[in-house]
Amino acid sequence: MNTMLRKSVLGIAGLAFAGGLAAGPLNHHDTTPSTAMTPVAAVQADKPAVDMGKLVPHGVQGAQSKIDLNDEQTGNAKAIIAATKKAGMPERAAVISIGTSLQESKLENLGHLGDANDHDSLGLFQQRPSSGWGSPEQITDPEYSTTAFLKGLKQVDGWQDMPLTKAAQTVQVSAYPDAYAQWEQQAADLVAQYWNS
């Protein structure tokens, strides 16, 4: 790829990921869907592009939402990707995991939120100690919580071929089962950007 084209692609990809606005605490109702985005594969110098067809095999489902990520949220997305790789799972598993975390916590590693908490839900995936996900210390560890989520995902027959929202809902059993779908494009873009970094 010539230098001019590479800089153009990187510039466009960079705009998609620029940000710094932190999302508020968990609230399953407060996201305003934006229009669906066109999949774009992120390209980094000397790094192979990730196949967007593997990241979003069925195309995105419905209107898509997007939030600007701060450094902590970006770090949590990278931690989810690293844990997915460590578990030996493919890029699609990272897309499902990040999409789930975007819905559950906006990629924030949330502690106990007092009255705003959903029971004893904690961490990136809002997992509950009382439901057997682990101790509060474990659940608020990004690698542990991602590995726990992926363990649940592996037990879902055919998860690789399911829409993100169905795979996520089967693991999470949320009161808002269709809400995960809105994060698929942003999750795929994050995996495309950071999988090979």
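Here we take up the environment of Ser-121. Within the secondary structure layout, Ser-121 lies in the loop between helix 4 (91–105) and helix 5 (136–139). Ser-121 sits 10 residues away from Ser-131 along the chain, and the two C-alpha atoms are 9.4 Å apart. Other than its neighbours up to four places away in sequence, Ser-121 contacts Gly-111, Gln-126, Gln-127 and Arg-128.

Turning next to the packing of aromatic side chains. In the structure shown here, the tally under the stated rule is one aromatic pair. A ring pair is formed by Phe-125 and Phe-149, whose centres lie 4.9 Å apart and whose planes are at 10 degrees; its orientation type is stacked. Placement of the pair is Phe-125 in the loop between helix 4 and helix 5 and Phe-149 in helix 6 (residues 142–154), with a sequence separation of 24 residues. Phe-149 carries the same exposure label as Phe-125, and that label is buried. Against the face of Trp-195 rests Lys-85, its NZ or CZ located 5.1 Å from the ring centre.

On to unusual backbone geometry. For Leu-107, which is not glycine, the phi dihedral falls at a positive 60 degrees. Checked against the element boundaries, Leu-107 lands in the loop between helix 4 and helix 5. The class of Leu-107 is buried, set by a relative accessible area of 0%. The phi dihedral of Gln-126 is positive, around 55 degrees, even though this residue is not glycine. On the secondary structure map, Gln-126 appears in the loop between helix 4 and helix 5. Taking relative accessible area as the criterion, Gln-126 reaches 7% and is therefore assigned buried.

On to the pattern of salt bridges. This structure, assessed with the given rule, holds two salt bridges. Among the ionic pairs, Glu-143 bridges to Lys-86, the shortest N-O distance being 2.7 Å. Of this pair, Glu-143 sits in helix 6 while Lys-86 is found in helix 3 (residues 71–86), placing the two residues 57 residues apart along the sequence.

Moving on: the packing of helix 3 against helix 6. At a minimum axis distance of 9 Å, the contact between helix 3 and helix 6 shows a crossing angle of 55 degrees. In this view, helix 3 runs oblique relative to helix 6, as classed from their interaxial angle. As helix 3 packs across helix 6, the resulting crossing turns out to be right-handed. Listed contacts from helix 6 to Asn-76, Ala-79, Ile-80, Ala-83, Thr-84 and Lys-86 of helix 3 are Pro-142, Glu-143, Thr-146, Thr-147 and Leu-150. For the contact of helix 3 with helix 6, the per-class residue count stands at five nonpolar, four polar and two charged.

Before going further, it helps to spend a moment on the nonpolar core. In globular proteins that are soluble, nonpolar side chains generally tend to be buried together. Leu-55, Ile-98, Leu-102, Leu-107, Leu-153 and Val-191 are the most contacted members of the largest nonpolar core, which totals 42 residues. Contributing elements (two or more residues each) for this core: helix 2 (52–55), helix 3, helix 4, helix 6, helix 7 (164–172) and helix 8 (184–194). With near-sequence residues (within four places) excluded, Leu-153 lies in contact with Met-89, Ala-93, Ile-96, Trp-159, Ala-167 and Val-171.

Here we come to the confidence of the model for the chain. With 72% of its residues at a pLDDT of at least 70, the chain reaches an overall mean of 78. Across the chain, helix 3 holds the top mean pLDDT of 98, while helix 1 (residues 3–17) sits lowest at 36. Contacts for the low-pLDDT stretch residues 1–45, under 50 throughout, to residues beyond four places or in other chains number 81 contacts.

Residue placement: Thr-140 occurs in the loop between helix 5 and helix 6. Classification of Thr-140 by relative accessible area gives partly exposed; the value is 28%. For Thr-140 and Gly-111, which are 29 residues apart along the polypeptide, the C-alpha to C-alpha distance reads 7.1 Å. Not counting residues up to four positions away in its chain, the partners in contact with Thr-140 are Asn-109, Leu-110, Leu-122 and Gly-123.

Conventions and cut-offs
- Residues numbered from 1 in each chain as written.
- Predicted model: local features only at pLDDT ≥ 70, side-chain atom pairs only at ≥ 80, totals over all residues.
- Heavy atoms only, no water.
- Helix = DSSP H or I, 4+ residues; strand = E, 2+ residues; numbered from the N terminus.
- Contact = heavy atoms within 4.5 Å.
- Phe/Tyr/Trp six-rings, centres within 6.5 Å; stacked < 30°, edge-to-face > 60°.
- Buried < 20%, exposed > 50% of the residue type's maximum accessible area, 1.4 Å probe, protein only.
- Lys NZ or Arg CZ within 6 Å of the ring centre and 35° of its normal.
- Salt bridge = Lys/Arg side-chain N within 4 Å of Asp/Glu carboxyl O.
- Axes fitted to C-alpha atoms, helices over the stretch in contact; angles between N-to-C directions.
- Parallel < 35°, antiparallel > 145°, perpendicular 65-115°, else oblique.
- Left-handed = near helix turned anticlockwise from the far one by under 90°.
- Nonpolar A, V, L, I, M, F, W, Y, C, P; charged D, E, K, R; others polar.
- Core = buried A, V, L, I, M, F, W, Y, C linked by side-chain atoms within 4.5 Å.
- pLDDT = per-residue confidence, 0-100.

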